[in-house]
Amino acid sequence: DDLTPVRDMSPEIAKKPVHLFPPRPAIRWTYDSSPDGSKSGKASNPPKGAILTYHLAAEPDEEITLEVLDNDGRLIRRLSSELEPPYIAPDHPDANPDEKRKAALEAAQGLNRASWDLAYEGARRIPGSTNDAGNVNVGPLVVPGEYRLRLTAGGKSVEQPVTVLPDPRADATIAGLSAQIEFLIGIRDRISSITSDAEYLRGIREQLEARHSALSEEPRAAELVALGEAALATIVDIEKLLYNPNAKVNYDILAGRDGGAKLYSRYGWLYRTALDHNGPPTQGMREVGDELSALYRQSRDQLGRLRDEDLRQLNDRADELGIMYLAVEAQ
């Protein structure tokens, strides 16, 4: 175990509002999946990545955060004492009943221990949607090197450097790992963009449906409602390019319902597959990425026409009639 806090603790440290002890170097281990069979007699493994110990003079009233920065000051990861929303709701059929969730950071008075798994931020998920590739809110591991940790609690921030060492068993080069991360970050950001597009379409759909309900008894609005219904049909078409809005469980996608895997799932499979090795993406991965990029550009073209033509026409006509219609036009 890491005895650094025991060696370093002092009355001066105890008086500080927040203190982050220097972490030991972390090894970028490559982990295998856990074996099947009985768990009888099983002991807990150490946390993955860098183990962090910090002291709080008092329990803070607000969230505490840990930011991981690279040498250029760019944010790589943000951990929080607030519990993140679950990947899927606990009562969902695909949920793991044995899953135990807790916040990444504890915020108790005195000594606290946490860990950073050496990963970047993951992709943003479409709320309430399923991805048959699994959880995409995971990030690639950083390359070995020097990083900085910034702990903030009660309005006070402290920093410590942390060293990430290579797995001594691995033959992956820094250049190869860097190429892998560049590829994965691009895929991660594309999945997050798909999520943003889906959220935008949902917002427009909710506004259209609300306006249709409010104007159902207004004879002057008949034309607007008709234009809005056409826009809703376009929204459905774009959504079905991006993801499966009607899929309730993973098997709905695997069974090919509503057209099977869409961009959200297809990018998910590419992302999870490219995460599962140490080295640059294969030629096949790059070719699949290029194919999906072309399909995503098509969805963006349709989204642009919806925004710049259909919705603009709706609002222009509503202005002529003196009727407020959509509050949001641009993404």
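Scroll up a little and you will see the structure.
Below is a short write-up of the structure. Since we're looking at a predicted model, the values are computed, not measured.

## Here's the deal with the sheet that holds strand S6 (residues 110-116)
Taken together, three strands build an open sheet; the order of strands is S1-S3-S6 and the sheet is antiparallel. The two strands at the open ends of the sheet, each matched to only one other strand, are strand S1 (18-20) and S6. Neighbour-to-neighbour, the strand axes of this sheet turn through a mean angle of 25 degrees, independent of strand direction. Pairing of S1 with strand S3 (residues 50-56) involves three bridges; the strand directions are antiparallel.

## Structural notes on the pattern of salt bridges
The full count for this structure, using the stated rule, is 17 salt bridges. Ionic pairing is found between Arg-124 and Glu-199, a salt bridge with its closest N-O pair at 2.6 Å. Of the two residues, Arg-124 is situated in the loop between S6 and strand S7 (145-153) and Glu-199 in helix H3 (residues 174-214); the sequence distance between them amounts to 75 residues.

## A few points about the environment of Asn-96
Position of Asn-96 relative to the elements: it lies in the loop between strand S5 (75-80) and S6. Once the C-alpha coordinates of Asn-96 and Ile-191 are considered, the two residues, 95 residues apart in sequence, prove to be 24 Å apart.

## Quick word on unusual backbone geometry
Leaving glycine aside, a negative phi is the common case for residues, and trans is the common case for peptide bonds. Located in the positive-phi region is Leu-118, a residue other than glycine, with phi close to 70 degrees. Counting through the fold element by element, Leu-118 comes out in the loop between S6 and S7.

## Re the sheet that holds S5
One open sheet holds the five strands; their spatial order is S2-S8-S7-S4-S5, and the pairing between them is mixed. Each end of this open sheet is capped by a strand with a single partner; those strands are strand S2 (26-28) and S5. Mean inter-strand twist for the sheet, computed between neighbouring axes without regard to direction, equals 30 degrees.

## As for the environment of Glu-106
Locating Glu-106 in the fold gives a position in the loop between S5 and S6. Owing to a relative accessible area of 42%, Glu-106 belongs among the partly exposed residues under this scheme. Sequence-wise, Glu-106 and Thr-65 are 41 residues apart; in three dimensions their C-alpha atoms are separated by 9.8 Å. Filtering out sequence-adjacent residues up to four positions away, Glu-106 remains in contact with Tyr-54, Ile-64 and Asn-112.

Calculation criteria
- Residues numbered from 1 in each chain as written.
- Predicted model: local features only at pLDDT ≥ 70, side-chain atom pairs only at ≥ 80, totals over all residues.
- Heavy atoms only, no water.
- Pairing = 2+ DSSP bridges.
- Helix = DSSP H or I, 4+ residues; strand = E, 2+ residues; numbered from the N terminus.
- Axes fitted to C-alpha atoms, helices over the stretch in contact; angles between N-to-C directions.
- Salt bridge = Lys/Arg side-chain N within 4 Å of Asp/Glu carboxyl O.
- Buried < 20%, exposed > 50% of the residue type's maximum accessible area, 1.4 Å probe, protein only.
- Contact = heavy atoms within 4.5 Å.

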